[in-house]
Amino acid sequence: MAKTKPESGTLNRISLESMGDYLDGPHREIREEARAALCRPEMAPVDPEITTPEYREKVLAWSKLLADEKLTVRGLPASHGGGGDIGGSIAAFETLAFGDLSLLVKTGVQFGLFGGAILHLGTRSHHDHYLADIASLKLPGCFAMSESAHGSDVQSVKTSASFDYEGQEWVIDTPTKADRKDWIGNAAVHGRVAVVFAQLKIDDEEHGVHAFVVPIRDENGETLEGVTIEDCGHKIGLNGVDNGRLYFDGVRIPRTNLLDRYGSVSESGNYTSPIENPTRRFFTMVGTLVQGRVSVGGGAISVSKVALTTAVRHGNLRRQFGPPDGGEDVALLDYRAHQRRLLPLLACTYALHFKQAEQVEQLDAVFSGEETEEAARRTLETSAAGIKAFATWHAVECLQTGREACGGIGYLSSSGFAARKADAEIFTTFEGDNTVLLQLVAKSLLTGYREEFGDLNPIGMAGFVASQVIERVVERTAARELWGRIWDEITPDSEEDGDLTDRDYQLALFAWREQHVLDSAARRLKKGIDEGEDSFEVFNACQDHVLVAATAHIDTQVLEAFSRAVDNCDDEDGRSMLSRLCDLYALSVIEQHRGWYQEHGRISSTRSKAVIRNVNTICDELRPHAGDLVEALRVPECVLPEFGPGGLKG
Ligand SMILES: Cc1cc2nc3c(=O)[nH]c(=O)nc-3n(C[C@H](O)[C@H](O)[C@H](O)COP(=O)(O)OP(=O)(O)OC[C@H]3O[C@@H](n4cnc5c(N)ncnc54)[C@H](O)[C@@H]3O)c2cc1C
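The written sequence of each chain sets the order in which its residues are numbered from 1. Given that the model is predicted, a residue must reach a pLDDT of at least 70 before its local features are reported, and side-chain atom pairs must reach 80 or more before they are shown or counted; all residues, however, enter totals for whole chains, interfaces and linings. Side-chain numbers here rest on the full set of heavy atoms in the structure, without hydrogens or water.

**Considerations on the layout of surface pockets**
Residues are called lining when one of their atoms sits within 4 Å of a cavity or pocket point, these points coming from a 1 Å grid over the protein atoms alone, where a cavity is a set in which a 1.4 Å probe fits but cannot get out and a pocket is an open set with protein on both sides within 12 Å along at least five of seven lines. Grid points are joined across faces, edges and corners, and a volume is the space filled by probe spheres set on the points. Looking at the second largest pocket, its volume works out to about 990 Å³. Lining the second largest pocket are 43 residues; nearest its centre among them are Pro45, Val46, Asp100, Ser413 and Ala419. Breaking the lining of the second largest pocket down by element, the ones donating at least two residues are helix H3 (52-68), helix H5 (101-121) and helix H11 (417-424). Sorting elements by how many residues they give to the lining of the second largest pocket places H11 first, with 5 residues. The classification used treats Ala, Val, Leu, Ile, Met, Phe, Trp, Tyr, Cys and Pro as nonpolar, Asp, Glu, Lys and Arg as charged, and all other residues, Gly among them, as polar. Residues of the lining of the second largest pocket, tallied by class, amount to 24 nonpolar, 11 polar and 8 charged. Each helix is a run of H or I in the DSSP string that is no shorter than four residues. Each strand is a run of E no shorter than two, and both are numbered from the N terminus.

In structure tokens form, the structure reads like this:
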């Protein structure tokens, strides 16, 4: 239950230092170091008209600079040239996301995906052989999972790795053009080695997808025999990253190049794995790579911070239209419409920031071995999928709204919106397409995180619908002890505004929506199956409903994290301010769904109007503090555009 809230009313100015430190959290020094690195003269932004080859070389040089100073390797073990600090490595990544996003993605591929695959899927000999060179960028590499025909459904990739007894080798093949590895970062120009995900075959038996270390270029950068590399070409954004396509034609690699933490093959071709079920094995392997999703979500939150800092600063300085008495023109942020566009987004950015901070600590606990419960790992995977989707969509919205809020001048490249819009929008697709990720969230909710169902991909869920698990979900939700309390707390008859800003009431409204949508989705699925319909068709017909259930779950998770962050803030003025921001976050979400709440008899029409009135009142209260609230986000000055007395400079 949330602590008693501070009185609403006039808010005192926050201390920027205190709020900034609170937001920086336990990794403040690392964030400061990364902010300082971004602002070095040699890291100055590229000219928007830079050619693609020049941009790629620039980004490689930047990556080397960061690697030389060990700024990008915190997540790798100390024994192999890293810092052994997973939480710190995400904090550094999030801070780098204030700057050039090609640099962010290039380093993410090299140290996070390529290095992470060797670390989590390989064993000691692989670590000894590769990690130090990966950490120093002596060995540039790729993470080659996606194929042209299989981007979201990576369990069905077709690249094959067949065991050759005689040579004690794997033979890697791309069966058809549709099965080439596609979009692979670092492949078009710089990568020398790729971790390739392929179907492991011994004789005629398939053992599912495994990861193999496959050299693709020699030390002089020449493509190796049997490998064909194509450049994906110019993209909407991220042109400092060399994405490429890989084809393999009978490429031979040693038997020991199989990353064998979850499946190994002896000299005699005997396959063994600690996880018997191949689908479950695959999802366990992919689950170890969850850090990538947490990183992309965190990076997207930083992008939102840059967009909102720019737009709020501009809105404070830029004036348009004056009052009829001929007085001074009005600052954009004094217009309610402008507040309504920017302040709920700012509140949501704070909300996501706090949820992300909790998630990073959970990730650190799971991967440092401090947290050993399987359930904690599964909760983390679900949360990472949901927050990645929310945060990346939120970044796109902040960039578009922020650009519009700056008017024409936001359209100049110098405002920073153009490059970030182009670069960040693909965050919604890579590291898991957002819509597909939300289906994974729904799957976890419907299965109650049960391990035996952890192996289901979104399509496989259709088959699972036929199982008795749906029944259990229905029973569980109907019988919840909490249920009665929630129901009582949110009776629609009160016409007063007061409890709209009661945190427990807000939490109850969110929880009720989550439970109701999940429960009704489960019932629909069960009904279809009971009536003998095809399980795939039933699932497909309910897909929209299932996605709403996932969304409602993430909404609740984010509000709960924000509420905890308010309670944990020691600074009194800071806590009052955060509490008001949290109200704005909660009520803006309720406002978006007020039609739904009314349809379901949870709020009256009078109360629904009160929600709108409260959002307006809170915007009024927060408006004088908007400037402070963005300054506390500590976006480094060097990545922001220039401002003059009238706002953004042209
Ligand atoms: C710039 C860039 C860099 C990348 N870097 C790498 C890399 O380094 N390594 C790597 O392995 N991959 C990389 N990728 C690939 C990336 O991971 C895939 O693009 C992504 O997983 C989506 O796959 P797809 O493009 O095939 O889209 P698809 O899976 O074809 O999806 C297309 C659309 O269909 C929808 N859809 C798909 N399945 C369903 C479903 N079951 N239900 C409802 N809707 C569905 C999706 O929501 C999406 O809107 C990169 C991609 C890009 C663009």
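**Brief notes about the sheet that holds strand E4 (residues 181-184)**
Being paired, for any two strands, means DSSP has found at least two bridges between them. If you trace the 3 strands from one edge of the open sheet to the other, you get E4-E8-E7, paired in antiparallel fashion. Only two strands of the sheet have a single partner each, and these edge strands are E4 and strand E7 (227-231). The average undirected angle you get between the axes of adjacent strands in this sheet is 25°. Geometry is summarised by axes, namely lines fitted to C-alpha atoms with helices restricted to the contacting stretch, and by angles between N-to-C directions that run from 0 to 180 degrees.

**Examining the confidence of the model for the chain**
For the chain, per-residue confidence averages 91 on the pLDDT scale, and residues scoring 70 or more make up 91% of the total. pLDDT is a per-residue confidence score from the predictor, ranging from 0 to 100. We call two residues in contact when some of their heavy atoms are within 4.5 Å. Per-residue pLDDT stays below 50 along residues 465-469; that stretch engages in 10 contacts with residues further than four places along the chain or on separate chains. In the predicted structure, residues 474-484 sits below a pLDDT of 50 and forms 13 contacts with residues beyond four places in sequence or in another chain.

**Concerning H5**
Two axes are fitted around each residue, one to the seven residues ending there and one to the seven starting there, and the angle between them is reported as the bend at that residue. At glycine 108, H5 shows its largest kink, close to 35°. Categorising residues by exposure relies on relative accessible area from a 1.4 Å probe, with only protein chains included: less than 20% of the type maximum marks a residue as buried, more than 50% marks it as exposed, and the intermediate range marks it as partly exposed. With 20 of 21 residues buried, H5 is to be regarded as a mostly interior element.

**Things to note about the pattern of salt bridges**
What makes a salt bridge here is a side-chain nitrogen of Lys or Arg within 4 Å of a carboxyl oxygen of Asp or Glu, nothing more. Summed over all chains, the structure comprises 39 salt bridges. Arginine 634 is paired through a salt bridge with aspartate 24; the nearest N and O atoms lie 2.8 Å apart. Of this pair, arginine 634 sits in the loop between helix H22 (626-631) and strand E14 (643-644) while aspartate 24 sits in helix H1 (residues 16-24); the two residues are 610 residues apart in sequence, bridging distant segments of the chain. For the pair arginine 634 and aspartate 24, a shared accessibility class is recorded, and that class is buried. A salt bridge links glutamate 531 to lysine 527; its shortest N-O distance comes to 3.5 Å. In the salt-bridge network here, residues are joined through shared partners; they are Asp21, Asp24, Arg28, Glu32, Arg35 and Arg634.

**Things to note about the state of the cysteines**
In this description, a disulfide is simply a cysteine sulfur pair whose atoms lie within 2.5 Å. Within this structure, the stated rule accounts for 1 disulfide. With a sulfur-sulfur separation of 2.0 Å, cysteine 39 is cross-linked through a disulfide to cysteine 638. For the disulfide bridge between cysteine 39 and cysteine 638, the dihedral angle about the S-S bond is near -70°, and by the sign convention the bridge is left-handed. Remark: cysteine 638 occurs in the loop between H22 and E14 and cysteine 39 occurs in the loop between helix H2 (28-38) and H3; sequence separation between them is 599 residues. The class of cysteine 39 is partly exposed, set by a relative accessible area of 36%. Assessed through its relative accessible area of 33%, cysteine 638 is described here as partly exposed. Cysteine cysteine 232 remains unbridged, with the sulfur of cysteine 142 as its closest cysteine sulfur at 11 Å. Cysteine 232 sits in the buried class, given a relative accessible area of 17%.

**With respect to the packing of aromatic side chains**
Stacked, tilted and edge-to-face pairs are distinguished by plane angle, under 30 degrees for stacked and over 60 for edge-to-face with tilted covering the rest, among Phe, Tyr and Trp rings (Trp via its six-membered ring) whose centres lie within 6.5 Å. The tally for this structure, following the rule as stated, stands at 12 aromatic pairs. A centroid spacing of 5.2 Å and a plane angle of 65° characterise the contact between tryptophan 170 and phenylalanine 212, whose relative ring orientation is edge-to-face. Of this pair, tryptophan 170 sits in strand E3 (residues 169-173) while phenylalanine 212 sits in strand E6 (residues 205-215); the two residues are 42 residues apart in sequence, bridging distant segments of the chain. The exposure classification of tryptophan 170 matches that of phenylalanine 212, with both residues buried. Note on geometry: a ring has a charge over it if NZ (lysine) or CZ (arginine) is within 6 Å of the ring centre and within 35 degrees of the ring normal. Of note, arginine 377 hangs over the ring of phenylalanine 367, and the distance from its end group to the ring centre comes to 5.2 Å. The lysine or arginine in question, lysine 443, covers the ring of phenylalanine 283, its NZ or CZ lying 5.5 Å from the ring centre.

**Points about the nonpolar core**
In this structure, Ile118, Phe197, Tyr350, Phe562, Leu578, Tyr585 and Leu622 are the most contacted members of the largest nonpolar core, which totals 153 residues. Here this core gets 12 residues from one element, more than from any other, and that element is H5. Ignoring sequence-local partners within four residues, the contact set of phenylalanine 197 consists of Leu121, Phe143, Ala144, Met145, Glu147, Val157, Thr159, Lys181, Val209, His210, Ala211 and Leu289. Judged by nonpolar contacts, the second largest core, of 25 residues, contains Val214, Val227, Ile253 and Leu258. Only buried residues count toward a nonpolar core. Its members are Ala, Val, Leu, Ile, Met, Phe, Trp, Tyr and Cys residues joined through side-chain atoms within 4.5 Å.

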